[in-house]
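Understanding the architecture of this molecule
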Amino acid sequence: MAVPVAFFALFFAYPVTAIVGRGLKAGGDWQFGRIGDVLARPDILDVLWFTTWQALASTALTLLIALPGAYVFARFDFPGKQLLRAVVTVPFVLPTVVVGTAFLALLGRGGLLDELWGVRLDTTVWAILLAHVFFNYAVVVRTVGGLWSQLDPRQEEAARVLGAGRFAAFRRVTLPALGPAVAAAALMVFLFTFTSFGVVQILGGPAYSTLEVEIYRQTAQLLDLPTAGVLTLVQFAAVGAILAVHAATVRRRERALKLVDPELTSRRPRGPGQWALLGGVLLTALLLILLPLGVLVERSFDGPGGYGFGYYRALQSAGSGGSSTFLVPPLEAVGNSLRYALVATLIALVVGGLAAAALTRRAGRLVRGFDALLMLPLGVSAVTVGFGFLITLDEPPLDLRTSWILVPLAQALVGVPFVVRTMLPVLRAVDDRLREAAAVLGASPLRAWREVDLPLVRRAVLVAAGFAFAVSLGEFGATVFIARPDNPTLPVAVARLLGRSGELNYGQAMALSTILMLVCAVSLLLLERIRTDRSGEF
């Protein structure tokens, strides 16, 4: 636990504590009265209310749309199932900037809806809610569908034989078993939408602001650190409560259910009702997932002179069309992002692998607290972390403000939880007697790990590396603060282009978003080829 604890203490706890301290201290004394002052402001209360209700609405809408998909993936066997499962998972690993850009191309000014029916939904809450469903659809499908596929269908069949109707059997038998998984998925969706940043910033406009967006505005635009510090504490408390409830839900699920092989529960659809359900899920995937991505790609080729590669060619030169958005050609952001993501993946694998190994030793409250610590970067403001990097890592021996390693370190913080969650179930499944046998035969602990554990968890390591690479590639909240102007990442480059007016900037943003989407999609398809049922679900 020493290396992961030191890593999180130095690159997570220290920056977050420092930025909160800057906001709540005056003359060396803590000014806790500022908390009440900030929370009493009407504009802040509006932000808190909108953050909460849009997260609740997004969660409810996601469950309503995604639960039929979870059932189809769990119970039906049909051609192209694995490919479709990879496709619906693509949005989850896409950067939020790309998600916002895709829906801007679909719902915004000059978008598909605007061209066909003259309807615009950008700067409305509906655009935000739909983008959140798009982003979190796979969370419900994977979490609930993975458990649903392992529930013994004979229990529900027995209830039908005893006279219960189809709905009554589902409500009394299947739903209670799925309840913890549904609750866990709902909590995760609520967490992601409660801390939403890129989607709200791009689609919401100035009228809508979540806690994360408001922290960014107070920090980067208004330089109001007291308000940003209070909002960070509020978000930290909310995320801590959500993670505590999530951990209790997961533990309940793990000890309450007896599962069967998923291969025994999947079959071809039967009857018109089941075929209609499958068709409905396929149509939902087409309209909700493929359509926004397809419009994004189409807009990247739709130049002033017709379809072509004009916007892609413009990425090769800095200051195209008189723009001073970049000091270097935007296309260099592709190479920058790939290099940063590779380094971040290596860091995440080392830190996350050691953490997962430590967590396999069930050592009571200390280890459970360590487990919760590893999840905090997913919920604590990335904006706070990024700005905290700038004000803390500025003195020897850790003066990293001008160093390229700062970006991979911030990205690795987001990648570590995915590495831990992917590797931990597989490591816990390794029989301790194999290690003991190796030790009896004279193997050192390092050699026993190399020759016993590593061959068994190799696929899980590859899956973890893929997820860490994808999420590192798309990290935006912290990177927007610390990426140097001459070395932008892809998400930062997209945001800069969208922040400037002009058709060329908009087209280049679509082109860069398409490139980023393709890189993430290829990474995910490679994951789908190597994943196992045990190591590939999340």
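Residues numbered from 1 in each chain as written. Predicted model: local features only at pLDDT ≥ 70, side-chain atom pairs only at ≥ 80, totals over all residues. Heavy atoms only, no water.

1. Some words on helix H1 (residues 2–24)
- Considering bend angle alone, the principal kink of H1 is centred on Ala 9 and spans about 40°.
- Considered for burial, the residues of H1 that qualify are Pro 4, Phe 7, Phe 8, Phe 11, Phe 12, Pro 15, Val 16, Ile 19, Val 20, Gly 21, Gly 23 and Leu 24. (Bend = angle between axes of the 7 residues up to and from the residue. Helix = DSSP H or I, 4+ residues; strand = E, 2+ residues; numbered from the N terminus. Buried < 20%, exposed > 50% of the residue type's maximum accessible area, 1.4 Å probe, protein only.)

2. Some words on the pattern of salt bridges
- For the structure shown, the criterion picks out six salt bridges.
- In this structure, the salt-bridge partner of Arg 299 is Glu 298, at a minimum N-O distance of 2.3 Å.
- Relative accessible area serves as the criterion here: at 8%, Arg 299 is assigned to the buried category.
- Among the residues examined, Glu 298 registers a relative accessible area of 23% and is labelled partly exposed.
- One continuous salt-bridge network, built from bridges that share partners, spans Glu 115, Glu 298 and Arg 299. (Salt bridge = Lys/Arg side-chain N within 4 Å of Asp/Glu carboxyl O.)

3. What to know about the packing of aromatic side chains
- With the rule as written, the count across this model stands at 17 aromatic pairs.
- Look at Phe 7 and Phe 8: their rings are 5.8 Å apart centre to centre, the planes differ by 80°, and that puts the pair in the edge-to-face class.
- Given a relative accessible area of 1%, Phe 8 falls into the buried group. (Phe/Tyr/Trp six-rings, centres within 6.5 Å; stacked < 30°, edge-to-face > 60°.)

4. Topic: the nonpolar core
- Of all hydrophobic cores here, the largest spans 164 residues; its most connected members are Phe 7, Leu 94 and Phe 389.
- For this core, the leading source of residues is helix H7 (residues 125–148), giving 16 residues.
- Residues contacting Leu 94, with those up to four places away along its chain left out, are Val 99, Phe 134, Phe 135, Leu 293, Met 517 and Cys 520. (Core = buried A, V, L, I, M, F, W, Y, C linked by side-chain atoms within 4.5 Å. Contact = heavy atoms within 4.5 Å.)

5. Structural notes on empty space enclosed by the protein
- Tallied over the entire structure, the rule returns five cavities of 30 Å³ or more.
- The computed volume of the largest cavity comes to approximately 610 Å³.
- Taken together, 31 residues form the lining of the largest cavity, with Thr 96, Phe 135, Phe 192, Leu 378 and Val 414 sitting closest to its centre.
- Contributing elements (two or more residues each) for the lining of the largest cavity: helix H4 (81–93), H7, helix H9 (166–194), helix H10 (198–203), helix H18 (406–429) and helix H20 (445–474).
- Of the residues assigned to the lining of the largest cavity, the class counts are 18 nonpolar, eleven polar and two charged. (1 Å grid on protein atoms, 1.4 Å probe; cavity = no way out; pocket = protein on both sides within 12 Å on 5 of 7 lines; lining within 4 Å. Points joined across faces, edges and corners; volume = space filled by probe spheres on them. Nonpolar A, V, L, I, M, F, W, Y, C, P; charged D, E, K, R; others polar.)

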